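What follows is the residue order along each chain.
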Amino acid sequence: MESLQGKTAVVTGAGSGMGRAFAERFARAGMNVVLADVEAPKLDEAVAAIVATGAEAIGVITDVTDGAAVDRLRDAAIERFGRVHVLCNNAGVAGTGPSGGKFVTEAEWRWVLDVNLWGVIHGHRAFLPHLVEHGDGHIVNTASMAGHFPGHSAYTASKWAVVGITEGLFHDPQLRAAGVGVSCLCPGWVNTAIADSARNRPEWAAPTLGVERTPMEEMMEAYVRDQLRSGMDPAAVAELVHDAILTNRFWVFTDMQMVEGLRPRFEAVLAAENPPTMGFGD
Ligand SMILES: NC(=O)c1ccc[n+]([C@@H]2O[C@H](COP(=O)([O-])OP(=O)(O)OC[C@H]3O[C@@H](n4cnc5c(N)ncnc54)[C@H](O)[C@@H]3O)[C@@H](O)[C@H]2O)c1
């Protein structure tokens, strides 16, 4: 896209963290912004802060796991602003991983895949025809560096899938012909509330009661929280996303040292060797 001024962006997961920062950055660029989230108070707060700057913004309570709700989000955006130019499929949850040394439960697989993968799928299904029909648009899918590093977790599975379908979308002839760009955001550590994703965990996906976490799991969680706290400011990520849309850049990485950490894996794949040991964030 050559300019954002006067155009419209829809951002999911916009009540907090990176999504809120994207919405604020787009508003500063002169865009109308539609913020979507499941957390009503956070959503209201984020919308009010943007409206207070004089920008046009609305909030639409949306659970991205629900296809009909994502359809309603699209309809609300079109009704208010006429058309949508930028879609950020950003809502996501971390899950808690194994508990008590057990493998990940079925409920956790379903919840995390529902939000992180199905949320993106619903976003594509609901918005792509509209974006293609009008042209001059851009889709940003929030994956993660976890979408490049191997791991036996629902989060890893969801993010590898998002990287794969986003890269596939980049080559889609219909989007190309319509002038709709695609970016895949793969952040390293960013200082957000992602470690507290369980706040949005539905009851059916509640972890098994009475399972105690192992000392190793406690240590891992403390490490993750520490990394997140000292992670990048979401506003800096929003700046990268804003620039990627204007320059039509596909990969949006926030930590090139992490990207460099992928080299042993690619080399092993090319040599058809067994996977090397590699830690996310090494
Ligand atoms: N923080 C990091 O270090 C990091 C790194 C890589 C990728 N990510 C990804 O970035 C994205 C944004 O997360 P964040 O880090 O800003 O965390 P965050 O928790 O601050 O924001 C996530 C937002 O998604 C919303 N959400 C959760 N479930 C939802 C649902 N079913 N429907 C609609 N909204 C829902 C939450 O309410 C929240 O506002 C996620 O996709 C996450 O996986 C985060």
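You'll find the structure just up there.
On a predicted model such as this, the values are computed, not experimentally measured, just so you know.

Criteria and cut-off values
Residues numbered from 1 in each chain as written. Predicted model: local features only at pLDDT ≥ 70, side-chain atom pairs only at ≥ 80, totals over all residues. Heavy atoms only, no water. Helix = DSSP H or I, 4+ residues; strand = E, 2+ residues; numbered from the N terminus. Buried < 20%, exposed > 50% of the residue type's maximum accessible area, 1.4 Å probe, protein only. Contact = heavy atoms within 4.5 Å. Areas by Shrake-Rupley, 256 points an atom, 1.4 Å probe, with all protein chains shown as cover. Lys, Arg positive; Asp, Glu negative; His and termini not counted. Charge placed at Lys NZ, Arg CZ, Asp CG, Glu CD. Axes fitted to C-alpha atoms, helices over the stretch in contact; angles between N-to-C directions. Parallel < 35°, antiparallel > 145°, perpendicular 65-115°, else oblique. Left-handed = near helix turned anticlockwise from the far one by under 90°. Pairing = 2+ DSSP bridges. Core = buried A, V, L, I, M, F, W, Y, C linked by side-chain atoms within 4.5 Å. Phe/Tyr/Trp six-rings, centres within 6.5 Å; stacked < 30°, edge-to-face > 60°. Near = heavy atom within 4 Å. Nonpolar A, V, L, I, M, F, W, Y, C, P; charged D, E, K, R; others polar.

Trainee: Can you walk me through the overall build of the chain in this structure?
Mentor: For the chain, the helix and strand inventory stands at ten helices and seven strands. By principal-axis analysis of the C-alpha atoms, the chain measures approximately 50 × 45 × 30 Å. Put simply, the chain has 282 residues, and 48% of those count as buried. In the chain, once contacts between residues fewer than 6 apart in sequence are set aside, the share between residues at least 24 apart is 73%. Carbon together with sulfur atoms contributes 56% to the accessible area of the chain, which is approximately 13,400 Å² in total. Computing the positive centroid from 22 side-chain charges and the negative centroid from 34, the chain places the two 2 Å apart.

Trainee: Teacher, can you tell me more about the packing of helix α1 (residues 17-28) against helix α2 (residues 40-51) here?
Mentor: When two helices pack together, you describe them by how their axes are tilted relative to each other and by the distance separating the axes. Relative to each other, α1 and α2 sit at 20°, their axes nearing to 10 Å. On the basis of the axis angle, α1 is roughly parallel to α2. Once α1 is placed against α2, the crossing between them reads as right-handed. Contacts from R20, A23, E24 and A27 of α1 reach α2 at E45, A46, A49 and I50.

Trainee: Sorry, what's going on with the sheet that holds strand β4 (residues 86-89) here?
Mentor: Backbone hydrogen bonds hold the strands of a sheet together, and the pairing may be parallel or antiparallel. Read from one edge of the open sheet, seven strands run β3-β2-β1-β4-β5-β6-β7, paired in parallel fashion. Of all the strands in the sheet, the pair left with one neighbour each is β3 (57-61) and β7 (251-253). Direction aside, neighbouring strands of the sheet carry axes that sit 15° apart on average. Looking at chain direction, strand β1 (residues 8-12) and strand β2 (residues 32-37) are connected through five bridges and run parallel. Directly across from V11, in β2, lies its bridge partner L35. Relative to the sheet, α2 contacts β2 and β3, its axis offset from that of β3 by approximately 170°.

Trainee: How do you make sense of the nonpolar core when you look at a structure like this?
Mentor: Most often, soluble globular proteins keep nonpolar side chains buried together rather than apart. With 47 residues, the main nonpolar core has V10, V34, F127 and M145 as its most contacted residues. The dominant element in this core, judged by the number of residues it contributes, is helix α4 (residues 106-134), at ten residues. Not counting chain neighbours up to four residues away, the residues in contact with V10 comprise V34, L73, A77, V84, V86, L87, C88 and F127. L4, C88, A238 and V252 belong to the second-largest nonpolar core, a separate cluster that totals 32 residues.

Trainee: Just to check I follow, could you spell out the packing of aromatic side chains for this structure?
Mentor: In this description, a pair of aromatic rings is defined by centroid distance and the angle of the planes. Counted according to the given criterion, the structure contains four aromatic pairs. On the basis of an interplanar angle of 75° and a centroid distance of 4.7 Å, the ring pair of F250 and W251 is categorised as edge-to-face. In this structure F250 comes out as buried when scored by relative accessible area, which is 10%. A relative accessible area of 29% places W251 in the partly exposed class. What links up through ring pairs into an aromatic cluster is the set F170, F250, W251 and F253.

Trainee: I'm lost on the site of the ligand in this one. Help?
Mentor: Neighbouring the ligand are 32 residues, the closest being S16, D37, Y155, V190 and T192. Here the ligand loses 97% of its free accessible area of 830 Å² to cover by the protein chains. Class assignment for the residues of the shell around the ligand results in 14 nonpolar, 13 polar and five charged.

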